[in-house]
Structure formats: structure tokens, C-alpha cells
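Fold and geometry: a report
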Amino acid sequence: MSADADTRARTSAGTAAHTPTIVLVGHGMVGQRFLEALADRGVTRRARIVVLCEEPRPAYDRVRLTSYFSGQTPEDLSMVAAGFMAEHGIELHVGDAAESVDREARTVTARSGRVFAYDALVLATGSYPFVPPVPGKDARGCFVYRTIEDLLAIEEYARTATTGAVVGGGLLGLEAAGALKGLGLDTHVVEFAPRLMPVQVDEGGGAALLRTIERMGLTVHTGTGTQEVVTADGAVTGMRLSDGSELATDLVVFSAGVRPRDQLARDCGLAVGERGGIAVDARCRTSDPAVFAIGECALAADGRVYGLVAPGYEMAQTVAAVLSEGAEEEAGDGFTGADTSTKLKLLGVDVASFGDAHGTAEGCLDVVYSDSRSGVYKKLVVDGEGVLLGGVLVGDADAYGLLRPLTGTVPPVSPEQLVLPAGAGAPVALGPSALPDDAVICSCHNVTKHAIGQCASLAEVKQCTKAGTGCGSCVKVIEKLLPAATDKGLCGCFPYGRSELYEIARTLRVTSFAALLDSHGRPEARGGEGCEVCKPTVGSILASLNNGYILDGEQASLQDTNDHFLANMQRNGSYSVVPRVPGGEITPEKLIVIGEVARDFGLYTKITGGQRIDLFGARVDQLPSIWTRLVDAGFESGHAYGKALRTVKSCVGQTWCRYGVQDSVRMAIRLELRYRGLRSPHKLKSAVSGCARECAEAQSKDFGIIATANGWNLYVGGNGGATPRHADLLAQDLSDAELVRLIDRFLMFYIRTADRLERTSTWLERLEGGLDHLKDVVVHDSLGLCDELEALMAAHVDAYRDEWAQTLDDPERLRRFASFVNAPETPDPSVRFVPERDQIKPDLTFLTLEGIASR
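Residues numbered from 1 in each chain as written. Predicted model: local features only at pLDDT ≥ 70, side-chain atom pairs only at ≥ 80, totals over all residues. Heavy atoms only, no water.

**Some words on the overall build of the chain**
Scanning the chain for helices and strands turns up 29 helices and 38 strands. Taken over 855 residues, the chain has a buried fraction of 52%. The long-range share in the chain, meaning contacts at least 24 apart out of those at least 6 apart in sequence, stands at 61%. (Helix = DSSP H or I, 4+ residues; strand = E, 2+ residues; numbered from the N terminus. Buried < 20%, exposed > 50% of the residue type's maximum accessible area, 1.4 Å probe, protein only. Contact = heavy atoms within 4.5 Å.)

Take a look at the structure:
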């Protein structure tokens, strides 16, 4: 719609034909919650909803941003349910920020030049990172930590860096430090305050946190600021601190707080606070009654700018009620303030604070428990009458879910009993049942104990109240409030967990999703189509039980987007091509073929840390032609798109290296070819090192092998990422046959018992009995399962067929590889690229939701 036509579409409010338009500027977590609240109230059926989103992707979970470095994809972090926008007729314009607002004409002009008229305008522009105005702050190698794009840029730059420094020791600063550490950098944290997390924790909590973090290998500088970023040739080389010291670093992340993004409001003349923030009343209205502001950009009526998601959600609900026809009174007193309690895990350390954590109330008293050996610190603040005012928990925050709702009351047991560890004092007879009915259990969505008690299962709680779908810190308490037989089902379609469904499918030889759903699904789900949780999960189970080509018949509808096209979708809608290179060993002839394919199809090429060559930028219609040439040259799928084995990395081993004691390349190739295509709950990575120097980094893999003079040592349950975990030694000095046999058993036992999307490290830590139990099962055969596990793996090895070779042999299967079903020969015009460093990169200026949806 043109700007003039769009403006003409607005008619007076009194005309019957008038459809009111609500324009939302900003599509973050709070913006998406606002849209959901409008949908819940039926507003989307009565009004046109337009959303202008500055970022190149729809709303994602910024609270869990750092989980990207531990294996979560941007798609995993998405806050938008599949089909939500289309179902509710919401117009989402991705990568098209609002540039200006004309309040007199009631229009918003976007970066693209489009003009949108509005009856109500909601500003959810969030905040921007504050970067101290120090010399060198704009040098190459300086970053902020706010968006997925920031993380992608940091990840790329860190490949050539050795040392990183984070300016700011608050919540996000410590998450950034953990990310840099996980990327392999020597990491420093510089905090101007005398302790870490000065807003959330007190001096004792900061000291406990400091000791724990320093034990992890991070270097912390408190009580000092950044005076200058030192550069050479435009790039970061160090930092000069206010205490006179200098720090050598080649990457700097600024995480020194945020500021409200209120420039759009300032430019159009809305009232803003003296220190920033768009001034709003209790209904979140600005100085213009037609304009609202919610989330981190808003200066609430109590004079505060809230930097947490829960208050933003409350604001979103308030404005949705105001904009609902005849429902404004439901907003009650409106937004008059919010709970600022927080609970999170930083670098693996539980940290929580709630209420008056710093004890600012007159006459308050502290009850403190501190154990510096274990890094545990707990402090409760109470008044003279025993009323709980707040607290700080570091190292052990399990009680947070109970303590926070008790704030403002006299707990049923003494404060001492609430902080002492089990066995150190009288037993604490306090559970969720002791909480009053009006206690808020989920602060993200303001859900009370009474509301949760009306539900029969966790799935029902999440669906009906949204409790447990925010930060997740309340889930443990919710489960304890539910009936003893808490629903452990995979989703609303199945009452069984993943491991139970695996056993059902294996034992009863079920070979289709429909048969499994009809025979073992919940009664109300039988005969249905399943959901986005159970379909890919059951698809993976059936694939791991050797149910044939994954895209034949019904199985095609079960796959994720990537499996659907046997390739990874990239950020601009193009796809990657990743041929398998077992053990990283490749002939010159095959290298030439990869180079020729990349050249002829104009693909971006990258050598990965997993010893493969990735080719990026293929359109979906090009995939068969590309793979025809690769398959003809002897390549097969590298399964980079699947929850399957990715690579078995190796050093050059005994053949070439003077330190090698075994042929690591030969073993890596053997293992990769044996386990290729093995579908599992989570992607799998492996490595084989030819000696104890560990050049292949085997101890950071799901299963890693290190050569010894007497054979092989097998390590399991490792992973890299932001929360790295060293693998545990399962067995040592194994022969080739013994090694393969144990890996067979380990992998099949994991596939058989792990939860959905649970990687081996998490599974091993959750496994009752841990490593000792695993040894009993797969080494000593304590359950008598080993013959069966070996038989399952043998069946997989015998049944393996390369998926791309199978695809190319069948014209019917090739029909799916088209950008447009009704015009299969037409390439997708929205997949565009621009040059960079003699190759290509996605042209994100062209990335729109409409372009993605057309695919």
C-alpha cells in the first residue's frame, strides 16, 4: 500500500466502515507479549495491527541470549509461535524500523519510506547499551552485547582473538564474560563498583560470586574504570584503567548498563524524563493520549524505568486492556510498579535477589549464612516483627521460588531455618503449600498460587496462565503445587516422555507418527496432526529406529525446516551445503570439486572448526544440482542440518606427528562412517586425539577418544559453548574393538533414555547415579541391555543410506526443492547477496517477513 493510500484508508472513528489501526513500534519480548494479549482479547479480529521491527528477525528471548553460545539457534530463541502472525492477521515488517512520528497526522514513517496511519501507537523500542565515552570506544574489536547480531559479530571476531575484556560486572556483563570464556579467550571483567553485580547483591554476595568466578579462570578487576581503549591500526590492542594499570586485550565488550530508547518520542515532542524514558501514566499513556509506551523505553508513573521483562509484560497487559473495546476497567489501577526480583544462573552459579535485598528499610535486620569453601552465601532481610523484606542468594538459590512470594509476610518458620543448609539446624517444614493463595508464583506473568491450583498439569498451567514460560525460575515451585502425579508428558498430545515413546515405538514396532498418536496419544489429541514439539521428536525416534528415508510419506511432515530440505536454512532464506569429510581427511581431487561447485554456484566457503568445508548461499532450487556434482565426486551428506552426528574431529596422529601414539585419523574416519546419520535427541560431536596433548580437543565432545600407549581412553558427556563441560573418563586402555563396542552402547543408551533436545552432558548430569550408573550399564552390563544396544547400533549401520543420494535417484523426491510450488522454475527473488572479502554475504536490507513467508 502506498503512503497516500495508507493514509486515505483511515476514516473517521464514527464511520461504520472504519477499521482501527494499532501500530506497534518495536518487536522484542514485551512487544510480542503485547500482541499475544491483543490476540487473547480478540482485538486482532477487530483492528488492523501493524508491527515495525528494527532487527532482521522477529521477537526472540533476549533473557536467554547467551544460550546461543551453548548450542541454541536463533530459531530456538524465537518467541513467536509458528503461524501466529498469519493466524491473527498481524502485519510484521522485519528490518524496517520506525524513523519518525507525525502526531498531528497520526502517521509513522518507516525506514523503507512506507507511511502507516494509526489510531493508537504503542512504543516498545526497548533500550540501547550505554558505552562509556572513552577514547577508542569505536575501534575495531569493540562490541556491545544486546542482540543476536551482536553475538554473531563477537563470535566471528573472537576466531582471531586471544584475550577479551568485558566492561561491566552486572548481569549481562557476566553473561558476556562467560561467552568469551566459552569462545576460548582469556577473559577479564572490569567493574567500576567495588563488587560484582552491585545492583542485585550486597558486599557478601559479591565476594562469594567473585571467589567462584575467579576459580573458573576469569580475571576480575573491581573498583576501577576504563579510561581508554588502546588501539593500533584502528584495532583494539589493550585497555588503560583508572587505577593506572594496563590490560592487554584484542576484544572489548561494553556491558555498562542500558539507556531507554526514547529518541523517537523526543523527536515528535512527547514528554520524557530528565534522565531519559518516555513519561507515561498508570495506563502507560504518554503525554499524547493516542500514544502508549511499554517496556524499557517507558518511564513509569512511579518515576522508574524498569529494565526487567516482567514489568514490561505487565505494561503490555495494561495497554492491551485499555485498547480492548469496553475492557479498560480491567486494567484496574493500571501499572503502578512491579516486582524487580531476579533469579538467574551466571557462569553456572545460581544468583538471586528479591525485595529489599540491600536492607534499606529503617531498623531492618540481616540473617546471613556464608560458606566461602562452597561459594554459598544467603542473606535474608527482616524487620523487627519478623516480616521478610528481601534477600540475596548466591551459589544456592533453590529456595528463591518459596522466599520471594513470602516477601512482606512473617514466614511460618524462623529466618535462620530458611538459610541454613539441610542438616545444619532444625528441619525446615516449609513447602509451597505454606504459601498464601494470593502469593505470586510467576512474576513474569503475575500468576498466583490460586490460579495455578486450578490446573491439573504443568502443560495446562503454561497454556492457561503462561506461568513457567518466562524466565522459568518458578517451574520447580509450580510442579510442587500440582497434584503428585504431575504430568510428565512430552506435550499436550502425548502423556509420555521421549524415552517412554522411544520404548513404545521400539517394542511395538510402530512405524508412523499417526499410528503412535492414535494408539498412545491423549484422547483429545487422537486423530489430530500433533504439534511442533511432538512431531520432530517422534520423527527423530522413528529415524533412529531405522524407519527408512526421512522425507518419504508422512515422515516429511514431521521434520524441522532444515531436515525438510536436507540443508540448514541461513538468515536470508538461503541454505548451506555441508558435505561429510570424515576425520578431516580429503584428497586434492575432492578439494577441487568443492572449489568448482562453490565457484560455479557463487557460494560462500568457510573451513569450520569441525574440519569440514561449509558452502553458504544456495537457493533451495539449486540444492539438487549442487549435490548431484558432490555425490558424483563421492561426497555424502554431512548431516549439518539434523539432530545427528556432525563430525569426528582428529589430529594427524601417529602417522605424521612425532608425539602420536595411535593412528587417530584412521579411528576418526572409522567412527564417523559408523555413526553417520544416527538420529539422536541432540546433535552429536566427537574427536580423536592421537596423544595426551589433546590437539583434537576430545574432552569437550559428546564422546571423545584419546590415544594411550596401550590403546584408547574413552570420555563421554562433554560439550563446549558458554557453559563448557569436560567429558568424564568412561574406560581406558581399550582395544579398537572394545572402544567401538562401548561407544555403540553409550550412544544407543543415550538415544533410548534422553529427553527431547537434551545433550549428552545434561543427560549424564541428570542420570540417577551419574557416571557410576552409566559405567554399570554400558561397561558392566548391569541391566542386561548391552546385547540389545549393540544390535540396535548394528541395525543402524546396516540400514544407513546417504539421504542426498537417495533423493537424487527419485524424481518425485526432487519436486520438493522449489522456491515456489506454483512456479518451480522461478528462483526466490528475495534471496540476495552483497560482496564482502572477495565472497558474498546476505543482503539483510532486503530481508522481510513477507519474503520469508513466501518461501
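**Things to note about the nonpolar core**
Ranked by size, the top nonpolar core spans 93 residues in total, and within it F34, L123 and I294 carry the most contacts. Among residues more than four places away in sequence, those in contact with F34 are I22, L24, V122, I294, A316, V319, A320 and L323. Counting 59 residues, the second largest nonpolar core, distinct from the first, contains C491, C493, Y502 and V533. (Core = buried A, V, L, I, M, F, W, Y, C linked by side-chain atoms within 4.5 Å.)

**A few points about the packing of aromatic side chains**
Scanning all chains against the criterion turns up 11 aromatic pairs. Each ring, one from F494 and one from F513, has its centre 6.1 Å from the other, and the planes form 75 degrees; the classification is edge-to-face. Separated by 19 residues along the polypeptide, F494 in the loop between α14 (475–481) and α15 (498–507) and F513 in helix α16 (residues 513–520) bring together distant segments of the chain. When sorted by exposure, F494 lands in the same class as F513, which is buried. Grouped by ring-pair contacts, the aromatic residues F565, Y575, W627, W804 and F817 constitute a single cluster. Residue placement shows R259 over the ring face of F130; its charged tip is 4.1 Å from the ring centre. Here the basic side chain of R693 rests over the ring of Y659, its NZ or CZ set 3.6 Å away from the ring centre. (Phe/Tyr/Trp six-rings, centres within 6.5 Å; stacked < 30°, edge-to-face > 60°. Lys NZ or Arg CZ within 6 Å of the ring centre and 35° of its normal.)

**What about α16?**
Listed as buried for α16 are F513, L516, L517 and H520. Angularly, the buried residues of α16 cover 100 degrees about the axis, an arc narrow enough to put them on a single face. In this structure, the buried side of α16 is in contact with α15 and α17 (534–544). (Arc of directions from axis to C-beta.)

**A few points about the pairing of strand β2 (residues 48–53)**
Regular strands show a simple pattern: their side chains alternate between the two faces of the sheet. Of all six residues in β2, six are buried, a share of seventy percent or more. What you see with β2 is no split at all: R48, V50 and L52 on one side and I49, V51 and C53 on the other are buried throughout. The pairing of strand β1 (residues 21–25) with β2 spans five bridges and is classified as parallel. Across the sheet, T21 pairs through a bridge with R48, a residue of β2. Here β2 pairs with strand β3 (residues 91–94) via four bridges, running parallel. In the strand pairing of β3, V50 is matched with E91. (Pairing = 2+ DSSP bridges.)

**Considering the sheet that holds strand β10 (residues 163–167)**
The five strands lie next to each other as β9-β16-β10-β11-β12, forming an open sheet whose pairing is parallel. In this open sheet, the two edge strands, each paired with only one partner strand, are β9 (142–144) and β12 (219–222). On average, each strand axis in the sheet is inclined to that of its neighbour by 20 degrees, with strand direction left out of account. When β10 meets strand β16 (residues 251–254), the two strands line up parallel, connected through four bridges. Its bridge partner being in β16, V166 is matched across the sheet by V253. Against the sheet, helix α5 (residues 148–158) makes contact with β9 and β16, and its axis sits at roughly 150 degrees relative to β9, the strand it touches most. (Axes fitted to C-alpha atoms, helices over the stretch in contact; angles between N-to-C directions.)

**Some words on the confidence of the model for the chain**
Mean pLDDT over the chain: 85, with 90% of residues reaching 70 or higher. Here residues 1–16 is a poorly scored stretch, pLDDT under 50, and it has 17 contacts once near neighbours within four places are set aside; other chains count. Considering only residues more than four positions removed or in separate chains, one finds that residues 846–855, a stretch of pLDDT under 50, has 25 contacts. (pLDDT = per-residue confidence, 0-100.)

**Describing empty space enclosed by the protein**
Under the criterion given, the structure shown has three cavities of 30 Å³ or more. Taken as a whole, the second largest cavity holds about 40 Å³ of empty space. In this structure, the second largest cavity is lined by L566, A567, N568, S576, V577, V578, W627, S637, G638, A640 and Y641. Here the residues of the lining of the second largest cavity sort into seven nonpolar, four polar and no charged. (1 Å grid on protein atoms, 1.4 Å probe; cavity = no way out; pocket = protein on both sides within 12 Å on 5 of 7 lines; lining within 4 Å. Points joined across faces, edges and corners; volume = space filled by probe spheres on them. Nonpolar A, V, L, I, M, F, W, Y, C, P; charged D, E, K, R; others polar.)

**Focus: the pattern of salt bridges**
Applying the stated rule across the entire model yields 42 salt bridges. With a shortest N-O distance of 3.1 Å, K137 and D138 are connected by a salt bridge. Linking R837 and E836 is a salt bridge whose minimum nitrogen-to-oxygen distance equals 3.3 Å. Assessed through its relative accessible area of 29%, E836 is described here as partly exposed. (Salt bridge = Lys/Arg side-chain N within 4 Å of Asp/Glu carboxyl O.)

**Focus on the sheet that holds strand β35 (residues 711–716)**
Taken together, the five strands give an open sheet; going across it, the order is β32-β33-β34-β35-β36, and neighbouring strands pair in mixed fashion. The open sheet has two edge strands with one neighbour each: β32 (645–650) and β36 (728–734). Averaged over neighbouring strand pairs, the angle between their axes works out to 15 degrees when direction is ignored. Pairing of β32 with strand β33 (residues 684–689), which is carried by four bridges, proceeds in the parallel orientation. Following the sheet pairing, V648 is matched in β33 by S686.

**Some remarks on the side chain of E296**
As for its position among the elements, E296 is in the loop between β19 (291–293) and β20 (298–299). Of the polar contacts made by the side chain of E296, one reaches the side chain of R146; its length is 2.6 Å. Other than its neighbours up to four places away in sequence, E296 contacts G126, S127, R146, P260, V305, Y306 and G307. (Polar contact = N/O pair within 3.5 Å; in protein donor to acceptor, adjacent residues only side chain to side chain.)

**Structural notes on the packing of helix α19 (residues 588–601) against helix α20 (residues 623–632)**
At their nearest, the axes of α19 and α20 sit 10 Å apart, and the two run at 160 degrees to each other. Regarding the angle of α19 to α20, the classification is roughly antiparallel. Seen from above, α19 lies across α20 with right-handed handedness. Along the contact surface, α19 presents V593, I594, E596, V597, D600 and F601, while α20 presents S625, I626, R629 and L630. (Parallel < 35°, antiparallel > 145°, perpendicular 65-115°, else oblique. Left-handed = near helix turned anticlockwise from the far one by under 90°.)

**Side note on the side chain of R580**
Among the secondary structure elements, R580 is positioned in the loop between β29 (575–577) and α19. Here S637 takes part through its backbone oxygen, which lies 3.3 Å from a polar atom of the side chain of R580. Apart from the residues within four sequence positions on either side, R580 is in contact with F635, E636, S637, G638, H639, L645, R646, E672, R676 and G677.

**Section: the environment of V220**
Relative to the helices and strands, V220 is located in strand β12. Taking the C-alpha atoms as reference points, V220 and A165, 55 residues apart in sequence, are found 9.6 Å from one another.

**Topic: α19**
Helix length check: α19 (14 residues) gives 20 Å between terminal C-alpha atoms against 20 Å at 1.5 Å per residue, within 8%. Buried within α19 we find V593, I594, V597 and A598. Relative to the axis of α19, the buried residues are bounded by an arc of 130 degrees and lie together on one face. What points out from α19, more than 90 degrees from its buried face, is the exposed set P588, E589 and R599. The inward-facing, buried residues of α19 abut β30 (604–607), β31 (613–618) and α20. Looking at the residues trailing α19, positive phi occurs at G602, about 65 degrees. (Expected span 1.5 Å × (residues − 1).)

**Examining the pairing of β1**
Within β1, five of the five residues are buried, which leaves it mostly tucked inside the rest of the structure. Because side chains alternate across β1, one face comprises the buried residues T21, V23 and V25, and the other comprises I22 and L24, equally buried. Here four bridges tie β1 to strand β7 (residues 120–123), and the two strands are oriented parallel to one another. Each bridged residue has a counterpart across the sheet, and for I22 the counterpart in β7 is A120.

**Some words on the environment of T360**
Mapped onto the secondary structure, T360 falls in the loop between β22 (349–355) and β23 (365–371). T360 sits 29 residues away from L389 along the chain, and the two C-alpha atoms are 9.7 Å apart.

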